[in-house]
Structure formats: C-alpha cells, structure tokens
Amino acid sequence: LLKKVTDLFDETGLPYTREADILRRLWCKWMINVGVNQACAVYDCCFSGIHAPGEAREAMIAAMREVAAVGRAEGVGLTEEDVAYWLDIIDHLNPEGLPSLRQDVLARRPTEVELFSGTINRLGAAHGIPTPQNERFYAAIKELESSFS
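The present account deals with the structure reproduced in this document. Remember, predicted model here, so these are calculated numbers, not experimental data. (Residues numbered from 1 in each chain as written. Predicted model: local features only at pLDDT ≥ 70, side-chain atom pairs only at ≥ 80, totals over all residues. Heavy atoms only, no water.)

### Looking at the overall build of the protein
The number of helices and strands found in the protein is eight helices and zero strands. When its helices and strands are written in sequence order, the protein yields α-α-α-α-α-α-α-α. Carbon and sulfur atoms make up 57% of the accessible area of the protein, which amounts to about 8300 Å² in all. For the protein, the separation between the mean place of its 15 positive charges and that of its 22 negative charges on side chains is 4 Å. (Helix = DSSP H or I, 4+ residues; strand = E, 2+ residues; numbered from the N terminus. Areas by Shrake-Rupley, 256 points an atom, 1.4 Å probe, with all protein chains shown as cover. Lys, Arg positive; Asp, Glu negative; His and termini not counted. Charge placed at Lys NZ, Arg CZ, Asp CG, Glu CD.)

Shown next, in the form of structure tokens:
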C-alpha cells in the first residue's frame, strides 16, 4: 500500500517525506505538542508567549525534555538536539496563532490533557522518571476544565 501511495505522489508531483523511523517521528511530534499546547493553555497565551524568554517558554522546554527522557526509556532515541530542532520550528510559528488545547480552553471544551501530560506522567511513573512539569501542567489544565460546567 505504501508503494501505491508514494507512486501516486510521485506521479502527481506532490512532495512528501518517507520516514525511516516513523515511531521516532511520532514521538518528536508528540514532544512538541506536549510542550506547546499545554504551555499556551496554562499561561493563557498565543505562540508569542512561548517565543519570548520567560516562565512559559521554560515550562514548555521542561515538559518537552521530560517527554524526551521517557521516550529514551521507551526505546526511542530523543536527544537534546531534537528539542533544539523543534524549538526552532516553534519559534517560526505565527506569533498570533493558538494551538488546539488553548483553543479548547477558550471554547470551554474538554482538552487533550490525558493524551499529553496524562500519558507522559503515567509512562514516567512506570519507568521511575520524574515528570514534575507535566504533573504541574496536568493539575492546572484539569483545574481549568473543572470550571467549564
């Protein structure tokens, strides 16, 4: 099936990337989402709030580093270079943009907190890896959600 899809993309000239290690790529994507989504929600900001040096950015980076540590325990080789690479991507996002979890908070909808910090906290505990920033994010977002009724 993959060959059929890549053949179609080749025929139509549609650009694509065929990942050699899709699991690693998924963890990288998850790492950025855990950091960005939760930081913007908890610190009540758009991307500009995590572009600037300060508490929100540091919390985002700490959450991403916790994902990287748990990823390594899960056999996925995330490194500090991965964190730096994704920070560069984040720094080029539209400063006025809002990630999905922040949009959910503003709309008073249930969030993806279980997928993000909920999961990383459980995996961290299973591996004996502390995840204090994600624990803080989890508690803060659950408190926000409790006000939605």
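### A word on the packing of helix 4 (residues 55-73) against helix 5 (residues 80-90)
Contact geometry of helix 4 with helix 5 gives a least axis separation of 10 Å together with a crossing angle of 140°. Here helix 5 runs oblique to helix 4, going by the angle between their axes. As helix 4 packs across helix 5, the resulting crossing turns out to be right-handed. Residues Arg57, Met60, Ile61, Met64 and Arg65 of helix 4 form the contact with helix 5, whose participating residues are Glu80, Val83, Trp86, Leu87 and Ile90. Across the contact of helix 4 with helix 5, the residue classes break down as seven nonpolar, no polar and three charged. (Axes fitted to C-alpha atoms, helices over the stretch in contact; angles between N-to-C directions. Parallel < 35°, antiparallel > 145°, perpendicular 65-115°, else oblique. Left-handed = near helix turned anticlockwise from the far one by under 90°. Contact = heavy atoms within 4.5 Å. Nonpolar A, V, L, I, M, F, W, Y, C, P; charged D, E, K, R; others polar.)

### Re the nonpolar core
Counting 37 residues, the largest nonpolar core has Trp27, Met31, Val36, Ile50, Met60, Met64 and Ile90 as the members making the most contacts within it. Mapped by element, the contributors of at least two residues to this core are helix 2 (22-42), helix 4, helix 5, helix 6 (100-107), helix 7 (114-127) and helix 8 (132-146). The dominant element in this core, judged by the number of residues it contributes, is helix 2, at 10 residues. When residues no more than four places from it in sequence are discounted, the contact partners of Met64 are Met31, Ile32, Gly35, Val83, Trp86, Leu87 and Ile90. (Core = buried A, V, L, I, M, F, W, Y, C linked by side-chain atoms within 4.5 Å. Buried < 20%, exposed > 50% of the residue type's maximum accessible area, 1.4 Å probe, protein only.)

### Section: the side chain of Asp82
For Asp82, the position within the fold is in helix 5. Those residues in contact with Asp82, other than ones at most four positions away along the chain, are Arg24, Cys28, Met31 and Gly77.

### Let's talk about helix 4
Relative to the 27 Å expected for 19 residues at 1.5 Å per residue, helix 4 spans 27 Å between its end C-alpha atoms, a close match to the ideal helical length. Every buried residue of helix 4 is listed here: Ala56, Arg57, Ala59, Met60, Ile61, Ala63, Met64, Glu66, Val67, Ala68, Val70 and Gly71. Its buried side turned inward, helix 4 meets helix 2, helix 3 (48-51), helix 5, helix 7 and helix 8. Backbone geometry just after helix 4 places Gly75 at a positive phi near 90°. (Expected span 1.5 Å × (residues − 1).)

### Regarding unusual backbone geometry
With a phi close to 55°, Asp44 is a non-glycine residue in the positive phi region. Classification of Asp44 as exposed rests on a relative accessible area of 54%. In this structure, Arg108 is a non-glycine residue whose phi angle is positive, near 60°. One can find Arg108 in the loop between helix 6 and helix 7.

### Examining the pattern of salt bridges
What the rule picks out here adds up to 10 salt bridges. The shortest N-O distance in the salt bridge between Asp7 and Lys3 comes to 2.9 Å. Of the two residues, Asp7 and Lys3 both sit in helix 1 (residues 2-12), four residues apart, roughly one turn of that helix. A salt bridge links Arg24 to Asp82; the shortest N-O distance between them is 2.4 Å. With Arg24 in helix 2 and Asp82 in helix 5, the pair connects residues that are 58 residues apart, well separated along the chain. On the basis of relative accessibility, which here comes to 26%, the residue Arg24 falls in the partly exposed class. Members of the salt-bridge network, linked through shared partners, are Glu114, Arg122, Lys142 and Glu145. (Salt bridge = Lys/Arg side-chain N within 4 Å of Asp/Glu carboxyl O.)

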